[in-house]
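These are the residues of each chain, in order.
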Amino acid sequence: MKRIQVRIGDQLILGNGAPVAIQTMCNCNTNDVDAAFAQCQAMHAAGAQLIRLTTQGLREVAALGELKKRLLQAGITTPLVADVHFRSDVALAAAKVADKVRINPGNFHKDHQEAMRIFRELITLCKNTGCVLRIGINHGSLGERITRLHGDTAHGMVEAMKEWVQVCREMEFDQVVLSLKASNTVVMVAAYRELYQWMEEQGYAYPLHLGVTEAGNGRSGRIKSAVGLATLLQDGIGDTIRVSLTENPVNELPVANFIARYFERGKDQRPTTFSYDAPDMDSYILEAASHIGPLLMDHLVDDFELQGTVQGEPIPTEELQDIHDELLQAARRRFTKCEYIACPSCGRTLFDIEATFAEVKRRTAHLQGLVIGVMGCIVNGPGEMADADYGYVGEGAGKVSIYRKKERIYQGIPQEEAIDLLLNLIENDRDSAR
Ligand code: SF4
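Along each chain, numbering runs from 1 in the same order as the chain's sequence is written. For a predicted model such as this one, the threshold for reporting local features is a pLDDT of at least 70, and the threshold for listing and counting side-chain atom pairs is 80 or more; totals across whole chains, interfaces and linings nevertheless cover every residue. Here the side-chain values reflect all heavy atoms present in the structure, with hydrogen atoms and water set aside.

Novice: Outline the overall build of the protein, listing residues and values.
Specialist: In terms of helices and strands, the protein carries 14 helices and 20 strands. The C-alpha atoms of the protein give 21 Å as radius of gyration, which agrees with the globular expectation for 434 residues (22 Å, within 12%). Across its three principal directions, the C-alpha atoms of the protein cover 60 × 55 × 45 Å. By definition, residues are in contact when any of their heavy atoms lie within 4.5 Å. By sequence separation, contacts in the protein at least 24 residues apart represent 66% of the contacts at least 6 residues apart. A total accessible area of about 17200 Å² is found for the protein, and carbon and sulfur atoms account for 47% of it. Working convention for charge: Lys and Arg count positive, Asp and Glu count negative, and His plus the chain ends are omitted. Charged side chains are reduced to one point each, which is NZ for Lys, CZ for Arg, CG for Asp and CD for Glu. In the protein, which carries 46 positive and 57 negative side-chain charges, the distance between the mean positions of the two groups comes to 5 Å. Per the convention used, a helix needs a DSSP run of H or I reaching at least four residues, while a strand needs a run of E reaching at least two, with both numbered from the N terminus. For the radius of gyration, the atom set is restricted to C-alpha positions; the globular benchmark scales as 2.2 Å times the number of residues to the power 0.38. Each accessible area value is a Shrake-Rupley result obtained with a 1.4 Å probe; residue values ignore everything except the protein chains displayed when judging cover.

Encoded structure:
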């Protein structure tokens, strides 16, 4: 079995036993180079080994080049990743500037053969520039062709990925990282495991970038991320991780670092007791989630009792009960709360998603069993919240769209009225179902 190593920038190595690298993504406007520089500095100080930036157009590619120069002048060599959706001209331009470009080649063109042609052109360019590619296929953006052929499933994600991997193999291009993200931990774990097994059967393994998309914020976002990521890392699957939180992206790094290092500390992977003594509450919940999450996901335990202390003080019973319930829900074993899919926001987000998400959560927390999406942009938001029952999607300029499943029910709603309308819609649907 050939385990491929990928070199990103001058120093970062992924794959073939290299330590799991942690990464994050700026959520400021990439064209605001001052803001992006400040955010990258803070991320670098917090341990980011790779930083991604929204790259919607050619203007953003130029800004990314400027940012890279400024970071180098400041002694920051953290590789930069251009996040490109849909536009192949932007991907081609970014491959000359960024250390890595994240694409879903299937979105380059509606015609699959044309998308393949563009992908080959991009690979040829990357061979010359030394740019690494991440092929990222998310559950929420599988596309009509793959969904028709294989369903909106983990297997469909893997089948979509195989097509692009085979092109890389034919062209003998191995500077590639693969990702199959989903907000549903069960789908995400199943997709990565199937892809990894297929790569083993083929006799080669590309590095994998792991992520639970739209995990939300706070305790539930941390627990959901840890459950999905730890389950795969425990299997030895995964070379770099990103924790997607709807918070300041700098907050993602200590969480990612905890999870990435968890299995390097020689932890007992099959515990019999669930008692932890932690220095702070975040460490407590991350340790519990990284420890128990894989057991729940693989049905090795059905229920458990939590104990423990934070700084030597016993944790109140109701806190332990809440963490217990969040863990069961994150592993999709028992649903006792409203579930949220909230994007981490990026340069496409034109409103304060953190505050909006907090307000949506506050007003909908009682809606047990529902899945509510809160998304930062109309370009990718509706696709990415594929699992949600209802969705709040920011359009920019103070306007919002409200979705029921995949159907847009309201468009162009002023932000101040949007949460009321969302609640009314849910109430009316519940009344008609009674
Ligand atoms: S849904 Fe839109 S705003 Fe949110 S992270 Fe994705 S691209 Fe950015």
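What follows picks up the thread again.
Novice: I'd like a rundown of the site of the ligand, residues and numbers included.
Specialist: By convention in this text, a residue qualifies as near a molecule or strand provided that one of its non-hydrogen atoms is within 4 Å of it. Cys343, Ser345, Cys346, Arg348, Thr349, Gly376, Cys377, Asn380 and Gly381 make up every residue found near the ligand. In this count, Pro and Cys sit with the nonpolar residues alongside Ala, Val, Leu, Ile, Met, Phe, Trp and Tyr, while Asp, Glu, Lys and Arg are called charged and the others, Gly among them, polar. Its residues assigned to classes, the shell around the ligand shows 3 nonpolar, 5 polar and 1 charged.

Novice: Outline the packing of helix α1 (residues 33-45) against helix α2 (residues 58-73), listing residues and values.
Specialist: Here an axis means a line fitted to C-alpha atoms, over the contact stretch when the element is a helix, while the angle between two N-to-C directions is reported on a 0 to 180 degree scale. Put simply, α1 and α2 touch, their axes get as near as 10 Å, and they point 50 degrees apart. Looking at the two axes, α1 sits oblique to α2. In this structure, the crossing between α1 and α2 has a hand that is right-handed. Of α2, the residues touching α1 (which contributes Val33, Asp34, Ala36, Phe37 and Cys40) are Ala63, Glu66, Leu67, Arg70 and Leu71. If an angle is under 35 degrees, it is roughly parallel; if it is over 145, roughly antiparallel; if it lies from 65 to 115, roughly perpendicular; otherwise it is oblique. Crossing handedness is defined as follows: a turn of the near helix away from the far one that is anticlockwise and smaller than a right angle gives a left-handed crossing, while the clockwise case is right-handed.

Novice: A description of the environment of threonine 336 should follow, citing residues and the corresponding values.
Specialist: For threonine 336, the location among the structural elements is in the loop between α11 (317-330) and β16 (339-342). Threonine 336 sits 30 residues away from histidine 366 along the chain, and the two C-alpha atoms are 9.9 Å apart. If sequence neighbours within four positions are ignored, threonine 336 has contacts with Asp325, Gln329 and Gln368.

Novice: Which residues make up the pattern of salt bridges, and what values do they have?
Specialist: Note on definitions: salt bridges are taken to be side-chain nitrogens of Lys or Arg within 4 Å of carboxyl oxygens of Asp or Glu. Under the definition given, this model contains 31 salt bridges. Among the salt bridges present, the one from lysine 162 reaches glutamate 159, with a minimum N-O distance of 2.9 Å. With lysine 162 and glutamate 159 both in helix α6 (residues 154-170) and 3 residues apart, this pair spans about one turn of that helix. Throughout, exposure labels follow a simple rule: accessible area from a 1.4 Å probe, protein chains only, divided by the maximum for the residue type, with under 20% read as buried, over 50% as exposed, and the rest as partly exposed. The exposure class assigned to glutamate 159 is buried, which follows from its relative accessible area of 17%. Aspartate 235 serves as the salt-bridge partner of arginine 193, at 2.7 Å between the closest nitrogen and oxygen. With a gap of 42 residues between them, arginine 193 in helix α7 (residues 185-202) and aspartate 235 in the loop between α8 (218-234) and β12 (240-243) connect regions that are remote in the sequence. For arginine 193, a relative accessible area of 25% gives the class partly exposed. Since its relative accessible area comes to 37%, aspartate 235 is described here as partly exposed. In the salt-bridge network here, residues are joined through shared partners; they are Arg219, Glu319, Asp322, Glu326 and Lys337.

Novice: A description of the environment of alanine 418 should follow, citing residues and the corresponding values.
Specialist: Relative to the helices and strands, alanine 418 resides in helix α14 (residues 415-433). Between the C-alpha atoms of alanine 418 and aspartate 389, which are 29 residues apart in sequence, the distance is 16 Å. When residues no more than four places from it in sequence are discounted, the contact partners of alanine 418 are Tyr392, Val400, Ile402 and Ile413.

Novice: Hey, could you go over the sheet that holds strand β20 (residues 407-414) for me, with residue numbers and the actual values?
Specialist: Hydrogen bonds between backbone groups are what pair the strands of a sheet, and the pairing can be parallel or antiparallel. In this scheme, strands are said to pair when DSSP sees at least two bridges between them. The strand order across the open sheet formed by 5 strands is β16-β17-β18-β19-β20, and the pairing between neighbours is mixed. Two strands close off the open sheet at either side, each with one partner strand: β16 and β20. With strand direction ignored, the average angle separating the axes of adjacent strands in the sheet is 20 degrees. Pairing of strand β17 (residues 371-375) with strand β18 (residues 390-396) involves 4 bridges; the strand directions are parallel. Paired with methionine 375 across the bridge in β18 is valine 393.

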